[in-house]
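Summary of the model geometry
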Amino acid sequence: MTTTRPDAAGRTGQGPGRPGRGAESAAAPASRRRRGRLLGENPLGALLSAPYVIFVAVIFAYPIVFAVWISFHDYFFAAPGAQVERPFVGLENYVTVLQDPAVWQSFRNVGVFLIINVPLTVILSLLLASALNKVVHARTFFRVSYYVPFVTASVAVVAVWLFLFSSGGLVNNILGPLAPQPSWLVNSVLAMPTIALFVTWKGLGFYILLYLSALQNVQNELYESVSMDGGGKLRQFFAVTVPGVRPATFLVVLLATITGANLFTEPYLLTGGGGPNGASTSPVLLMYQKGIEQGNPGIASAIGVILIILVLIIAAIQRRLVGGGQS
């Protein structure tokens, strides 16, 4: 037979219908776990990141959701405050987009761009970062030299490339009879590869910095181990450097793909709006032409939604192939 002793106030430790201290102590961790799932392990971190979350929601999330809504309506621009009908048209805009040869050509153009730009970006930035990581003298000078084109306005740098690759430019003068006819930026075959080379050169400094940061985490003992086994510089590069910077490689591939999918400024400035005959028109440039110049925002939004879906699919494939399934 068990008995309960009264406490100092004359109350027993347990009674009918009243939870004991064990139940109260079990409920407290449960509530803390629920708060932990909402705010994370560090609530202060959630508070400090809140401004950026709001920024992303306002600048990115809302426009995307609004673009999806526009793509399903017969939308047109009106004066501020004007009440106009924008009827729901279902998939009509998407059907129009998929039947437009210019849309298919723009996606083929950006496909050519990505096939050239992404591998070149990964290979050149990794090789240059590996070389710069071993530089002892004037290291800051070389790093800044590669980074300057990235922070320079595209409008200013485009003028240099027009001087180099125009019909009477420096490159054609050097090549002489070997120069392509018609010239680089007015050639339907060479226009997009030339733009891909320009974007690769301009953005190289940013990706070099990403690889330089990743190389700091590769242990020197691994290089020494491969060297003791008789491995030369080439073997060290492929056995230690390449696997060691794999997460950075996935990030570089992903960022280069997203940047290429949003290509606009370079074809607009270098080829006069996607010429010749649409050979360098990108989907984003076509969205501008359809939505702003021709006044068809519904069509432009449908192109944008399709572009987002394709980029997400490509990113998932890249994560499987390059990222190895790691976050």
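None of the values given here were measured: they were computed from a predicted structure.

Looking only at helices and strands, the protein features 14 helices and zero strands. Burial statistics for the protein: of 327 residues in total, 34% are counted as buried. Counted over contacts in the protein with a minimum sequence separation of 6, partners at least 24 positions apart contribute 64%. A total accessible area of about 20200 Å² is found for the protein, and carbon and sulfur atoms account for 66% of it.

Attention now goes to a nonpolar patch on the surface. A surface patch of nonpolar side chains, amounting to about 620 Å² of accessible area, comprises Tyr52, Ile54, Phe55, Val58, Ile59 and Phe60. Turning to its location among the elements, Ile59 is positioned in helix α2 (residues 43-71).

Now for the packing of helix α8 (residues 191-215) against helix α11 (residues 246-261). At a minimum axis separation of 10 Å, α8 and α11 run at an interaxial angle of 165 degrees. Classified by the interaxial angle, the pair formed by α8 and α11 is roughly antiparallel. Viewed along their axes, α8 and α11 form a crossing whose handedness is right-handed. Seen from α8, the contacting residues are Phe206, Tyr207, Leu210, Tyr211 and Ala214; seen from α11, they are Ala248, Thr249, Leu251, Val252, Leu255, Ala256 and Thr259.

As a further point, take helix α5 (residues 139-151). Here α5 is 13 residues long and its end C-alpha atoms lie 19 Å apart, about the 18 Å a rise of 1.5 Å per residue gives. Along its length, α5 shows its largest kink, about 25 degrees, at Ser145, and proline Pro149 lies within four residues downstream of that point.

The next thing to look at is the nonpolar core. Counting residues in hydrophobic clusters, the biggest one holds 37 residues, and the most contacted among them are Phe113, Ile195, Phe198, Tyr211, Val245 and Leu270. Within the residue set of this core, elements represented by two or more residues are α4 (101-133), α6 (154-165), α8, α9 (220-228), α10 (233-244) and α11. Counting residues per element, this core draws most heavily on α8, which supplies twelve residues. Apart from the residues lying within four places of it in its own chain, the contact partners of Phe198 are Val157, Val158, Trp161, Glu266 and Leu270. In terms of nonpolar packing, the next biggest core, distinct from the first, is built from 14 residues, Tyr94, Val97, Phe107 and Ala302 among them.

Rules behind the numbers
Residues numbered from 1 in each chain as written. Predicted model: local features only at pLDDT ≥ 70, side-chain atom pairs only at ≥ 80, totals over all residues. Heavy atoms only, no water. Helix = DSSP H or I, 4+ residues; strand = E, 2+ residues; numbered from the N terminus. Buried < 20%, exposed > 50% of the residue type's maximum accessible area, 1.4 Å probe, protein only. Contact = heavy atoms within 4.5 Å. Areas by Shrake-Rupley, 256 points an atom, 1.4 Å probe, with all protein chains shown as cover. Patch = residues over 30% accessible without salt bridge, like charges linked within 9 Å, V, L, I, M, F, W, Y side chains within 5 Å. Salt bridge = Lys/Arg side-chain N within 4 Å of Asp/Glu carboxyl O. Axes fitted to C-alpha atoms, helices over the stretch in contact; angles between N-to-C directions. Parallel < 35°, antiparallel > 145°, perpendicular 65-115°, else oblique. Left-handed = near helix turned anticlockwise from the far one by under 90°. Expected span 1.5 Å × (residues − 1). Bend = angle between axes of the 7 residues up to and from the residue. Core = buried A, V, L, I, M, F, W, Y, C linked by side-chain atoms within 4.5 Å.

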